[in-house]
Amino acid sequence: MAGIVDIEGHPTWLEDRGGNGAPLLLLHGGLSNSDALLGTIGAGLAEHYRLIAFDRPGHGYTADTVADFHYSDMAREAVSVLGKVAAGPAHLVGWSDGGIIALLVALARPDLVAKMVVIGTNYHVDGIQPVDMDPDSPVLQELGRAYAERSPDGPGHFEAVARKGMQLISTEPSLTTSQISRIRQPVLVAVGDDDIVTLPHTISLYEALPNGQLAVIPGASHGLPLEQPATLTSLMLPFLAAEGPPRTLMPVRRRGR
């Protein structure tokens with residue numbers, strides 16, 4: 001099933017690929033779209049899980065609104081999708097902004113979350129390095145092309161969406177490690193070794209999670225799901241399928257858990 005549904009009072013593009021596996025909600029990155037994940041890591045997950053994805057307002061096939069972007073609004077939209085589509089707890093896989101949304105959903109509605117994978121995700125605005133977002137940069141050029149192919153608002157609206165996106169990542173999120181420590185679900189934290197999210201910040205996220213696991217992928221940037229989808233899914237599948245905490249020969253951080 002793919003089409004427009006009402007989410008938080010706004011016509012929203014949603015795709016539910018069905019299947020007999022547990023529901024898994026893919027949460028796309030900022031200024032991106034669900035196709036970017038469905039067409040990359042989604043290919044390796046579809047055989048095992050019921051994939052669900054939606055385009056947030058101003059992204060992909062979903063029209064923009066007059067409101068500024070805020071992660072709290074995006075988390076409410078994700079909760080609404082889970083309530084409408086997923087019958088029970090779902091796995092959340094979020095890239096960049098999508099990972100932030102996953103963290104917020106887990107804090108607000110832990111009953112809706114089974115396991116999580118967060119990719120290139122910061123929990124505080126101070127955790128990211130300056131990004132080259134010149135209109136002529138290759139990244140913005142590619143994001144603008146993908147936007148023009150999908151948006152009902154037309155290619156001319158991308159400038160307004162990009163402006164709201166840049167404002168968002170320069171002011172939010174503002175979570176603390178104390179808040180992160182309340183997330184009890186197993187969480188795989190994945191990041192490229194050359195990500196815009198700093199490695200110390202990523203490690204602090206991992207260390208704050210009571211049931212976290214960490215994967216630093218060599219030769220990868222913030223575009224990790226697009227660059228190395230097979231590597232990422234090879235790590236995600238055993239993590240999502242595992243029952244109980246990891247069993248290792250010499251536990252240190254997990255000793256006694």
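Summarised in this report is the structure supplied together with it. (Residues numbered from 1 in each chain as written. Predicted model: local features only at pLDDT ≥ 70, side-chain atom pairs only at ≥ 80, totals over all residues. Heavy atoms only, no water.)

### A few points about the pattern of salt bridges
Close approach of charged atoms allows side chains of opposite charge to pair.
At step 1: This model, assessed by the stated rule, comprises 9 salt bridges.
At step 2: Among the ionic pairs, D64 bridges to K164, the shortest N-O distance being 2.9 Å. You can see D64 sitting in the loop between strand 4 (50–54) and helix 3 (71–85) and its partner K164 sitting in helix 6 (residues 158–171), a full 100 residues away along the chain. K164 matches D64 in its accessibility class, with the two residues each being buried.
At step 3: Across the pair E149 and R145 runs a salt bridge, and its minimum N-O distance is 2.4 Å. (Salt bridge = Lys/Arg side-chain N within 4 Å of Asp/Glu carboxyl O. Helix = DSSP H or I, 4+ residues; strand = E, 2+ residues; numbered from the N terminus. Buried < 20%, exposed > 50% of the residue type's maximum accessible area, 1.4 Å probe, protein only.)

### Structural notes on the side chain of T12
At step 1: Position of T12 relative to the elements: it lies in strand 2 (residues 10–16).
At step 2: Given the relative accessible area of 2%, T12 is considered buried.
At step 3: Of note is the side chain of T12, whose polar atom sits 2.9 Å from the backbone oxygen of H10.
At step 4: The contacts of T12, once residues within four sequence positions are left out, are G3, I4, V5, I7, F54, D55 and T62. (Polar contact = N/O pair within 3.5 Å; in protein donor to acceptor, adjacent residues only side chain to side chain. Contact = heavy atoms within 4.5 Å.)

### Observations regarding the packing of helix 3 against helix 4 (residues 97–108)
At step 1: The interhelical angle for the contact between helix 3 and helix 4, taken along N-to-C directions, is 70°, at an axis separation of 9 Å. With respect to helix 4, the element helix 3 is oriented roughly perpendicular. On the side of helix 3, the interface is formed by Y71, S72, M74, A75, A78, V79 and L82, while helix 4 contributes D97, I100, I101, L104 and V105.
At step 2: Looking at the contact of helix 3 with helix 4 residue by residue, the class counts come to 10 nonpolar, 1 polar and 1 charged. (Axes fitted to C-alpha atoms, helices over the stretch in contact; angles between N-to-C directions. Parallel < 35°, antiparallel > 145°, perpendicular 65-115°, else oblique. Nonpolar A, V, L, I, M, F, W, Y, C, P; charged D, E, K, R; others polar.)

### Describing the side chain of K164
At step 1: For K164, a relative accessible area of 12% corresponds to the buried category.
At step 2: At 3.0 Å, the side chain of K164 forms a polar contact with the backbone oxygen of T65.
At step 3: With near-sequence residues (within four places) excluded, K164 lies in contact with D64, T65, V66, A67, D68 and F69.

### Points about the environment of A215
At step 1: Looking at where A215 falls in the secondary structure, it is placed in strand 8 (residues 212–217).
At step 2: Sequence spacing of A215 and M236 is 21 residues, and the spatial spacing of their C-alpha atoms is 9.9 Å.
At step 3: Not counting the four nearest positions on each side in its chain, A215 is found in contact with L188, V189, A190, V191 and L235.

### Some remarks on a nonpolar patch on the surface
At step 1: Taken together, the side chains of L199, I203, L214 and V216 define a hydrophobic patch exposed on the protein surface, amounting to about 270 Å² of accessible area.
At step 2: The set of elements that each furnish at least two residues to the nonpolar patch consists of helix 8 (199–208) and strand 8.
At step 3: Along the polypeptide, L199 turns up in helix 8. (Patch = residues over 30% accessible without salt bridge, like charges linked within 9 Å, V, L, I, M, F, W, Y side chains within 5 Å. Areas by Shrake-Rupley, 256 points an atom, 1.4 Å probe, with all protein chains shown as cover.)

### A few points about unusual backbone geometry
At step 1: Put simply, E172 and P173 share a cis peptide bond, and its omega is 0°.
At step 2: Position of P173 relative to the elements: it lies in the loop between helix 6 and helix 7 (177–180).
At step 3: Even without a glycine there, the phi angle at E8 is positive, about 55°.
At step 4: Among the structural elements, E8 can be located in the loop between strand 1 (2–7) and strand 2.
At step 5: Unusually for a residue other than glycine, S96 sits at a positive phi of about 60°.
At step 6: Overall, S96 belongs to the buried group, its relative accessible area being 14%.

### Re the environment of D195
At step 1: You can see D195 is positioned in the loop between strand 7 (187–192) and helix 8.
At step 2: D195 sits in the buried class, given a relative accessible area of 5%.
At step 3: As a C-alpha pair, D195 and G223 span 28 residues in sequence and 8.0 Å in three-dimensional space.
At step 4: Excluding anything up to four places from it in sequence, D195 contacts G120, Q129, A220, S221 and H222.

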